[in-house]
Amino acid sequence: MIIFSKVYFKDFLRSFGIFFIVCIGYYLNVVSKTDGHYVYVLDDAYIHLAMAKKFALYEVWGVTKYHFSSTSSSPLFTFLLSILIKVFGDEDSLPLFFNAIIGLGVVFILTRYFSGIFYQAKYVVTAVLFTLFFSVLHLQVLSGMEHVFHVFLFVLNIFCLSNLKNRASVFGFYFSLLLMGLVRFESMFYFVILALVFALLKKWKEALAIILVGFIPIAVFCYFNELHSGYLFPNSVVVKGTKFNFDSGILPQLKVIFLDNFLLNTSFYKIGLFPVIMSLIFIIRDRKGKRISEIIQDNFLLIILSLLMICHTMFADLKGFFRYEAYILAGFSMALIPRVKGFFVDFKNYIIREKFVSGLIIMNLLLLMYKSFAAHLMLDNGGKNIYEQQIQSARFLHSYYNDSKVVANDIGAITYYTDIQLLDIAGLASKETIPFNEGKRRPDKCFEEFLTQYTIDNRYDIAVIYDEWLQGHIPKNWQKAATLSISNPVAVSKDRVSVYSINKDDLHALKENIRKFSWNKNVKVVIID
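Calculation notes
- In every chain, residue numbers begin from 1 and rise along the written sequence.
- With pLDDT at 70 or above as the cut-off, local features in this predicted model cover only qualifying residues; side-chain atom pairs require 80 or more to be listed or tallied, and sums for whole chains, interfaces and linings still use all residues.
- As a convention, hydrogens and water are excluded, and side-chain values are obtained from all of the structure's heavy atoms.
- Throughout this description, the term salt bridge denotes a Lys or Arg side-chain nitrogen within 4 Å of a carboxyl oxygen of Asp or Glu.
- What counts as a helix is a DSSP run of H or I of at least four residues, what counts as a strand is a run of E of at least two, and both are numbered from the N terminus.
- Only protein chains enter the calculation, and the probe is 1.4 Å; a residue is then buried if its accessible area is under 20% of its type maximum, exposed if over 50%, and partly exposed in between.
- Between two residues, a contact is recorded if the distance between any of their heavy atoms is within 4.5 Å.
- We call two N or O atoms a polar contact when they sit within 3.5 Å, provided that within protein one can donate a hydrogen and the other can accept it, with sequence-adjacent residues counted only if both atoms are side-chain atoms.
- Within 6.5 Å between ring centres, the rings of Phe, Tyr and Trp (the latter by its six-membered ring) count as paired, and their orientation is classed by plane angle as stacked under 30 degrees, edge-to-face over 60, tilted in between.
- Only when the NZ atom of a Lys or the CZ atom of an Arg is both within 6 Å of the ring centre and within 35 degrees of the ring normal do we say a charge sits over the ring.

This part takes up the pattern of salt bridges. Scanning the model with the defined rule gives 19 salt bridges in all. In this structure, Asp 380 and Lys 33 form a salt bridge, with 2.8 Å as the shortest nitrogen-oxygen distance. Separated by 347 residues along the polypeptide, Asp 380 in helix H20 (residues 355-400) and Lys 33 in helix H1 (residues 9-33) bring together distant segments of the chain. The class of Lys 33 is partly exposed, set by a relative accessible area of 27%. Measuring nitrogen to oxygen at the nearest pair gives 2.6 Å for the salt bridge that ties Glu 448 to Lys 476. Highlighted residues: Glu 448 in helix H23 (residues 445-457) and Lys 476 in the loop between strand S3 (462-465) and strand S4 (479-485), separated in sequence by 28 residues. What makes Glu 448 buried here is its relative accessible area of 5%. Residue Lys 476 is classed as exposed on the basis of its relative accessible area, which comes to 64%. One network of salt bridges, with partners in common, ties together Glu 146, Arg 184 and Glu 186.

Looking at the element boundaries, Thr 418 is found in the loop between helix H21 (412-416) and strand S2 (421-424). Take Thr 418: its relative accessible area is 2%, and that puts it in the buried class. Sequence separation of Thr 418 and Gly 272 is 146 residues, and the distance between their C-alpha atoms is 40 Å. Excluding anything up to four places from it in sequence, Thr 418 contacts Lys 54, Ala 394, Leu 397, His 398 and Asn 402. Within polar-contact distance, the side chain of Thr 418 engages the backbone oxygen of Ile 414 at 2.3 Å. Among the polar contacts made by the side chain of Thr 418, one reaches the main-chain amide nitrogen of Ile 420 at a distance of 3.3 Å.

So, on to the packing of aromatic side chains. The tally for this structure, following the rule as stated, stands at 49 aromatic pairs. Considering the side-chain rings of Phe 55 and Trp 61, the 5.4 Å spacing of their centres and the 85° angle between planes classify their relative orientation as edge-to-face. With centroids separated by 4.9 Å and ring planes inclined at 15°, the aromatic side chains of Phe 436 and Phe 447 adopt a geometry described as stacked. Of this pair, Phe 436 sits in helix H22 (residues 434-437) while Phe 447 sits in helix H23, and the two are 11 residues apart along the sequence. Here Phe 436 and Phe 447 have matching classes, each one buried. The structure contains a cluster of three or more aromatic residues connected by ring pairs, namely Tyr 27, Tyr 38, Tyr 40, Tyr 46, Tyr 416 and Tyr 417. Against the face of Tyr 416 rests Lys 53, its NZ or CZ located 5.1 Å from the ring centre.

Encoded structure:
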């Protein structure tokens with residue numbers, strides 16, 4: 001077990017200062033490209049804001065004020081935002097400030113943790129900064145989403161797990177488990193694996209407590225969600241999650257899980273392979289002369305994190321600009337850095353003695369550089385993309401169709417800044433379209449027929465969509481009015497959005513509204529004659 005030394009406040013200030021400067025630099029860069037107003041690098045951030053706003057102002061859990069929609073994949077984060085809106089008013093900067101404060105907590109915990117491993121300030125600061133940038137936390141802070149909160153709870157959990165004999169640590173361990181599942185549902189993998197490893201050590205009480213504390217809040221939410229939507233989990237989990245059931249062939253499902261998601265998943269090799277290999281090396285080295293229980297006890301975190309990375313790869317996602325796996329990478333840093341302490345404090349001798357491990361460390365450093373570069377591209381133009389595409393669409397709808405019935409696929413900004421009634425073709429906000437999106441199903445003739453009839457019966461006005469999302473199955477009665485194009489897309493699915501009139505009698509008025517609207521100068525507007 002790690003014995004924690006005194007918190008070095010100067011180490012904390014140095015680490016946070018460097019991290020804060022990086023975040024501020026990117027913040028100012030975004031503001032300079034978005035007419036002086038900070039815009040989040042993903043439209044998903046505005047989904048949380050839309051739901052938080054509607055819950056705070058109208059007591060409706062949904063992206064619109066008209067009906068329930070289980071769109072948020074992080075119910076606790078969204079609920080906390082709704083409280084902040086109640087207290088401070090409807091400000092779109094609230095997620096950014098929330099993340100900044102939680103990020104401060106992450107740096108504090110990491111500084112406390114690594115101060116118990118290194119006794120010189122420069123090594124503590126180096127370890128903290130490596131962990132922050134290895135998990136790409138600066139991108140998570142500026143994205144305005146829940147992943148910083150998830151990382152905070154995870155590093156707090158590991159910090160407390162390292163000293164469970166202390167009462168405060170026991171409380172922190174179980175309290176972080178209690179909240180973690182409602183911040184990200186992938187935490188369920190962690191609960192199960194953690195409980196399993198405790199059970200292997202015959203610590204039955206701890207294993208049972210972990211399952212109960214972790215899953216009871218999720219079970220309560222699932223009960224509430226099922227009552228309102230008919231699904232246990234939020235729509236995003238239902239639509240995007242990997243499923244395993246006995247309704248269809250088992251072999252195709254196993255092929256997706258083990259082959260497509262894991263063995264052939266290039267993201268795993270870029271993100272998770274080297275930490276897992278390093279963990280396996282240390283576990284194998286530690287096996288000589290020890291019983292299995294001793295090996296598990298001495299390599300507790302490495303075993304859990306390696307299994308967690310594999311499960312996450314098979315059943316969750318690694319393709320979301322490094323945000324989904326950020327918590328695991330922070331955990332790997334906390335578990336592996338103490339094992340390679342010599343690399344920091346006695347570099348020359350360590351690389352001579354440990355050539356292979358040193359090579360793996362260098363590969364992880366290269367991965368850090370790769371992820372930092374990818375994050376730079378996202379932070380450099382992501383906010384600009386969202387501003388020119390989603391925010392401009394929202395401004396247009398607010399001006400002319402603020403309470404109209406709208407079909408869309410990117411739903412965050414347009415539901416946060418307007419009071420539209422929405423049909424979401426991706427299924428995140430409309431349970432009616434989930435059957436056509438579930439299990440990553442592609443659009444087909446049935447979906448086209450559904451959209452045609454549903455939008456006629458319910459008198460929808462316009463559609464603002466990516467044509468490519470419907471893959472040639474756009475309803476024939478929708479009439480295209482215009483296309484809106486941007487350049488250098490890095491944070492949006494496509495560079496061109498199409499605007500359709502669903503009610504053919506309104507086509508001329510729609511075109512006139514598009515002509516009259518003051519679009520951002522970087523948006524290329526083409527009216528379809």
